[in-house]
There are 2 protein chains.
Amino acid sequence: MGKKSTDHLSGISSIPLFHGLPEPALNLLDNILEEREFLRGENIFTEGSRSTGFYIIVKGRVKVFKLSAEGKEQILHIVGAKELLGAVSAFAGNPYPAFADAMEKTKALFFPQNDFLELIRKEPSVVMNMMANLAMRLQHFTRMIDDLSLKEVPGRLAAYLLYMCEQNGCSDSVEIDISKGQLASLLGTIPETLSRILRKLSDNRVLEVKGKKIRLMNKKALRDIINGIDRVKS
Amino acid sequence: MGKKSTDHLSGISSIPLFHGLPEPALNLLDNILEEREFLRGENIFTEGSRSTGFYIIVKGRVKVFKLSAEGKEQILHIVGAKELLGAVSAFAGNPYPAFADAMEKTKALFFPQNDFLELIRKEPSVVMNMMANLAMRLQHFTRMIDDLSLKEVPGRLAAYLLYMCEQNGCSDSVEIDISKGQLASLLGTIPETLSRILRKLSDNRVLEVKGKKIRLMNKKALRDIINGIDRVKS
DNA sequence: TATCTTTTTTGACATAAGTCAAGGATATCA
DNA sequence: TGATATCCTTGACTTATGTCAAAAAAGATA
């Protein structure tokens, strides 16, 4: 793959899936992986279509989502750099269960299904990393199902904000890096509802919303909302 | 493990996770696996507790569920014979993300975490089977999230019934093997709502409900309901 | 069979959240 | 910079589904 080989190698070893692999395995990978680029909004795969492999995102972000009959979208997750896309289907040999669109200009490495089987034979440890990845995602979905069915929208929002806050070292301020419409979809609701809830929490001095920047003024209140002790209703 | 050894061996090879393993591996497993029994209603593990291994269900059924702050339960899945219980947490090294209770007298094989790492070194192919298992469950959750957020309760019920019908060779008749209250929880709703919807579908001759036996009189209508074309509202 | 418990059904009611529609605010691009 | 498209907000309204309470039905126990 000429010029880009070294890029690949350094890139490859920084991918969790390939952590700790010996040099020969990395070289093998370098020959297998195929670089692909997607524009903002471009579709990467479609629900129901057969999977021929999976992607490792290098740069950019991809939203994986389902569509209702009326076209309402529910984002399942957002896949960012160094994460896997479409691995479950590729592995299980099932069609893709959801859509995937690039949210911005995205660079990814495509890993063809056939080559994967070969790699596993030569380097079984990869599978361990992959299992960890699947396990993590399962836990994410478990929490999501929990949220969707047991919490009301303000609770899901509060959980999301507190979670985001923790991720970013938690300076009491969260910068949401997706549109509010997309956030609504991620929370399993619609923009109008999200907007109203942000307003109410703002009025009650639980949050301070400035565009995409949200300050968590009262984390205790947020935790209470998650637990159904809703001081915001009134 | 004396007398039960051969039981184990025949049992073990019939577990998808251990399909196709050579004799020595099976013997190794026989020494590792620990038989455990649970009574109806007995708790097997609790949300938040540390996992020390996972179970392979031999007989009986286990419900895995989350609890809301007010005690409302959402069943995530029901684990039956030959399936894995708690594998994700055991593997990811995280605490259990949900509760698990035996729904009836249940026999299971416990697989301690430490021994698992050893097995993988000796028999990496097990991991492949395990990944397939995780992948399948991920797809199940994907569908579940889809249902919970994009479909209304009648749609979820319809999807459930049609799915069950397909599973059982589909003689147009489904015998639900859990209580209606539990089914409500599985569908992310409450018994009252489920009862009302069953009533309505009965009145409209889409279903015929006799206790736990449900006949699908009009599958086309059920499919329409899933797609939001709801002939039952009126 | 009779008694007790649990599950299911029904009714009246409350409410969270969705729909529809329109006006502002922001971003994007020439 | 101005023009155009997208995103966000707000209001009025509807509705699916949850809550509470009580009766009916079905199972379990003695």
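Novice: Hey, could you go over the interface of chain B and chain A for me, with residue numbers and the actual values?
Specialist: Taken together, the contact pairs 39 residues of chain B with 39 residues of chain A. Where chain B abuts chain A, roughly 3,500 Å² becomes buried across the two surfaces, and 80% of that area is made up of carbon and sulfur atoms. Interface area lost by chain B to chain A is led by B:M131, B:L138 and B:I145, which between them contribute 20%. At the boundary of chain B with chain A, the tally comes to 2 salt bridges. Across the pair B:K66 and A:D146 runs a salt bridge whose closest N-O atoms are separated by 3.7 Å. Where chain B touches chain A, the interface holds 6 residue pairs in polar contact (both at pLDDT 80 or more). At the level of secondary structure, the elements contributing two or more residues to the side of chain B that touches chain A comprise β4 (62-67), β5 (73-79), α3 (87-92), α4 (113-122) and α5 (125-150) of chain B. Per element, the largest residue contribution to the side of chain B that touches chain A is 18 residues, and it comes from α5(B).

Novice: Would you mind going over the pattern of salt bridges in detail, with residue names and values included?
Specialist: A side chain of one charge can pair with a side chain of the opposite charge when the charged atoms of the two come close. Taken as a whole and judged by the stated rule, the model has 25 salt bridges over all chains. Two residues, A:K219 and A:D172, come together in a salt bridge whose shortest N-O distance is 3.0 Å. Here A:D172 lies in the loop between α6 (153-167) and β9 (173-175) and A:K219 lies in helix α9 (residues 219-226), a separation of 47 residues in the sequence. One network of salt bridges, with partners in common, ties together A:E47, A:K66, B:D146, B:D147 and B:K151.

Novice: Mind laying out the nonpolar core, listing which residues take part and the relevant values?
Specialist: When a protein is soluble and globular, its nonpolar side chains tend to lie buried together. Judged by nonpolar contacts, the single largest core of 98 residues is most densely connected at A:F18 and B:F18. Ignoring sequence-local partners within four residues, the contact set of B:F18 consists of B:I12, B:L29, B:L33, B:I56, B:F111, B:L119, B:V126 and B:N129.

Novice: Run through the sheet that holds strand β6 (residues 84-85) of chain A, naming residues and quoting values.
Specialist: Residue and element names in this part refer to chain A. With antiparallel pairing, 4 strands are arranged side by side in an open sheet as β1-β8-β3-β6. Sheet topology places β1 (34-38) and β6 at the edges, where each strand pairs with a single neighbour. Alignment of β1 against strand β8 (residues 106-112), held across 5 bridges, turns out to be antiparallel. The partner of R36 across the bridge, within β8, is A108. Packed on one face of the sheet, helix α4 (residues 113-122) meets β3 (53-59) and β8 and runs near 65° to β8.

Novice: Quick rundown of α4(B)? Include the residues and the values.
Specialist: All names here are of chain B. Along α4, the residues classified as buried are F116, L119 and I120. In a view along the axis of α4, the buried residues occupy a sector of 100°, so they form one face of it. The exposed set on the far side of α4, more than 90 degrees from its buried face, consists of N114, R121 and K122.

Novice: Outline the protein's contact with DNA strand C, listing residues and values.
Specialist: The environment of DNA strand C is made up of 18 residues, and the closest members are A:V153, A:T189, A:T193, B:K180 and B:R199. The sugar-phosphate backbone supplies 63% of the atoms of DNA strand C found within 4 Å of the protein. In this structure, A:R196 approaches DNA strand C through a side-chain N or O atom, which is 3.0 Å from a base oxygen. A distance of 3.0 Å separates a base nitrogen of DNA strand C from a polar atom in the side chain of B:R196.

Novice: Let's hear about the pairing of strand β10 (residues 207-210) of chain A: which residues, and what values?
Specialist: All names here are of chain A. Two strands pair when backbone bridges link them, and β10 and strand β11 (residues 213-216) are joined in this way by 4 bridges, in the antiparallel orientation. The residue bridging L207 from the neighbouring strand is L216, located in β11. Between β10 and the antiparallel strand that follows it, β11, lie 2 residues; G211 among them carries a positive phi value of about 65°.

Novice: Kindly report on helix α2 (residues 23-32) of chain A, identifying the contributing residues and their values.
Specialist: Residues and elements named next belong to chain A. Among all positions of α2, only A25, L26, L29, D30 and I32 are buried. An end-on view of α2 places all buried positions within 165° of arc, on one side of the element. Opposite its buried face, α2 presents the exposed residues P24 and N31, each directed more than 90 degrees away.

Novice: Could you give an account of the relation of the copies chain B and chain A, with specific residues and numbers?
Specialist: Related by rotation about an axis and a shift along that axis, the two copies of the chain form a pair. Of the two same-sequence chains, chain B is brought onto chain A (RMSD 0.1 Å, axial shift 0.1 Å) by a rotation of 180°. Overall, the copies show the geometry of a two-fold rotation axis. Most of the interface of chain B is mirrored in chain A, where 100% of its interface residues are also at the interface.

Novice: Let's hear about the pairing of strand β7 (residues 99-102) of chain B: which residues, and what values?
Specialist: Residues and elements named next belong to chain B. The side-chain alternation of β7 yields two buried faces, one formed by F99 and D101 and the other by A100 and A102. Bridging between strand β2 (residues 43-45) and β7 involves 2 bridges; their strand directions are antiparallel. Its bridge partner lying in β7, N43 is registered against D101.

Calculation rules
Residues numbered from 1 in each chain as written. Chains lettered and ligands numbered in written order. Predicted model: local features only at pLDDT ≥ 70, side-chain atom pairs only at ≥ 80, totals over all residues. Heavy atoms only, no water. Contact = heavy atoms within 4.5 Å. Buried area = accessible area lost by both parts, 1.4 Å probe. Salt bridge = Lys/Arg side-chain N within 4 Å of Asp/Glu carboxyl O. Polar contact = N/O pair within 3.5 Å; in protein donor to acceptor, adjacent residues only side chain to side chain. Helix = DSSP H or I, 4+ residues; strand = E, 2+ residues; numbered from the N terminus. Core = buried A, V, L, I, M, F, W, Y, C linked by side-chain atoms within 4.5 Å. Buried < 20%, exposed > 50% of the residue type's maximum accessible area, 1.4 Å probe, protein only. Pairing = 2+ DSSP bridges. Axes fitted to C-alpha atoms, helices over the stretch in contact; angles between N-to-C directions. Arc of directions from axis to C-beta. Near = heavy atom within 4 Å. Least-squares fit on C-alpha atoms with pLDDT ≥ 70 in both.

That's the geometry; what it means functionally is another story.
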